[in-house]
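The chain contents come next:
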Amino acid sequence: MDSPMTPDLHQQIERAARIIGRAKKIAALTGAGISAESGVPTFRGAGGLWEGYRVEDVATPAAFARDPALVWRFYNLRRAGLAAVRPNPGHHALAALEDRLGQGRFTLITQNVDGLHRAAGSRRVLEIHGTLRRVRCTGCAWTADRATEALPDLPRCGACHELLRPDVVWFNELLPPDTWQQAEDAAQTCDCFLVIGTSAVVYPAAGLVESARLNGAEIIEVNLTATRASSQADVTLLGPSGSVLPAIVQRL
Ligand code: BJW
Ligand code: ZN
């Protein structure tokens, strides 16, 4: 997507490209903002997904226990919305960066549950908040890929008949331990850490920025606005990721 770039943004893009160009290992943390230009609503701020829904009504285990039908309505709406969305140039630029760096040198850590990084061709993707495209049973270990296919209002497990739930991470739940461990390792061993399209308010994901910085990585942030992570960034690129990321990759 083309958007006017200020001379300052151009300069910062050059700086970012130099840092990325000399980095041996890169990790990137993405949030809802990278999918905004694909038409997926973000969570916070004007037009945010949670408007009309209180977070605690839909994204906690307590909410699901209290009113699973409400929670499934919310998630089925979002699952249906995913059928029409496609990766944007920001997703594609990160896939191109991974290709360019080669195996073992790039890790994509995403908080997003929309599957768009994989759809863009990224291979090493750590989905630390799970995925909307999978369901799992609340009673047994059964999980299944259901992509965006329509589900009943209250879907049940074929094996044990307990309720199914989306395979995402709600507030007060632990992140998938293995995936999280890999994300921490990537943040702690990279020499360049990209923070893209996240408000950096949700932990433990937001803590990866500090973790990377304390281990010596240079931090590059891409966002429309300053965030809680900005004070830790060496370079902050204020612009849409769908324009800024391709511009960086083009300069490598
Ligand atoms: C663009 C753009 C464009 C727009 N280009 N940019 C007090 C202090 C610290 C921590 C806590 C606390 N109280 C509770 C906690 C813990 C809690 C937490 O962090 N809460 C905070 C809100 C305070 N965390 C948890 O509960 C986590 N688990 C945990 O801690 O376990 C330990 C534990 C166990 C038992 C008991 C207690 C603790 C789990 C967190 C799970 C988060 N889950 C969600 C929902 C996932 C499923 C779903 O999708 O429904 O994950 S919440 C939601 O927020 C989602 C997101 O991944 C996550 C982050 O949001 P993100 O991606 O940053 O989106 P936005 O909308 O906030 O920001 C978008 C950004 O994009 C903005 O900055 C825009 O400017 C930008 N943007 N367009 C570039 N074109
Ligand atoms: Zn089951």
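As a starting point, this report considers the structure included with it. (Residues numbered from 1 in each chain as written. Chains lettered and ligands numbered in written order. Predicted model: local features only at pLDDT ≥ 70, side-chain atom pairs only at ≥ 80, totals over all residues. Heavy atoms only, no water.)

Side note on the coordination of the zinc ion (ligand 2)
(1) Moving on: Those protein atoms acting as donors to the zinc ion (ligand 2) are C137 (SG), C140 (SG), C157 (SG) and C160 (SG), and they sit at 2.3 to 2.4 Å.
(2) Moving on: For the zinc ion (ligand 2), the single-chain donor residues occur in sequence as C-x2-C-x16-C-x2-C. Here C137 is found in strand β4 (residues 130-137), whereas its partner C160 is found in the loop between β5 (143-145) and β6 (164-168), with 23 residues between them in sequence.
(3) Moving on: A relative accessible area of 5% means that C137 is categorised as buried. (Donors = N, O, S within 2.8 Å, 3.2 Å for Na, K, Ca; no water. Helix = DSSP H or I, 4+ residues; strand = E, 2+ residues; numbered from the N terminus. Buried < 20%, exposed > 50% of the residue type's maximum accessible area, 1.4 Å probe, protein only.)

Section: the sheet that holds strand β7 (residues 192-196)
(1) Moving on: The sheet built from 6 strands is open, its strands ordered β3-β2-β1-β7-β8-β9 with parallel pairing. With one partner strand each, in any of the chains shown, β3 (125-127) and β9 (235-238) form the two edges of the open sheet. Geometrically, the sheet is characterised by an average inter-axis angle of 15 degrees between neighbouring strands, direction not taken into account.
(2) Moving on: Two elements, strand β1 (residues 26-30) and strand β2 (residues 106-110), share 5 bridges in a ladder whose sense is parallel. (Pairing = 2+ DSSP bridges. Axes fitted to C-alpha atoms, helices over the stretch in contact; angles between N-to-C directions.)

Comments concerning the packing of helix α6 (residues 89-101) against helix α10 (residues 241-250)
(1) Moving on: Following both chains from N to C, one finds α6 and α10 inclined at 25 degrees, their axes separated by 7 Å at the closest point. Taken together, α6 and α10 sit at an angle that is classed as roughly parallel. In the crossing of α6 with α10, the sense of the turn from one axis to the other is left-handed. For the pair formed by α6 and α10, the contact residues are P89, G90, A93, L94, A96 and L97 on the first element and S241, G242, L245, P246 and V249 on the second.
(2) Moving on: The class makeup of the residues in the contact of α6 with α10 is 8 nonpolar, 3 polar and no charged. (Parallel < 35°, antiparallel > 145°, perpendicular 65-115°, else oblique. Left-handed = near helix turned anticlockwise from the far one by under 90°. Contact = heavy atoms within 4.5 Å. Nonpolar A, V, L, I, M, F, W, Y, C, P; charged D, E, K, R; others polar.)

Quick look at helix α1 (residues 7-22)
(1) Moving on: Here α1 spans 23 Å end to end across 16 residues, near enough to the 22 Å set by a 1.5 Å rise per residue.
(2) Moving on: Residues L9, Q12, I13, A16, A17, I19 and I20 constitute the buried set of α1. Down the axis, α1 shows its buried residues gathered within 165 degrees of arc, on one side only. Looking at α1, the residues exposed on the side facing more than 90 degrees away from the buried face are P7, Q11, G21 and R22. (Expected span 1.5 Å × (residues − 1). Arc of directions from axis to C-beta.)

In short, shape yes, function no, at least from these values alone.
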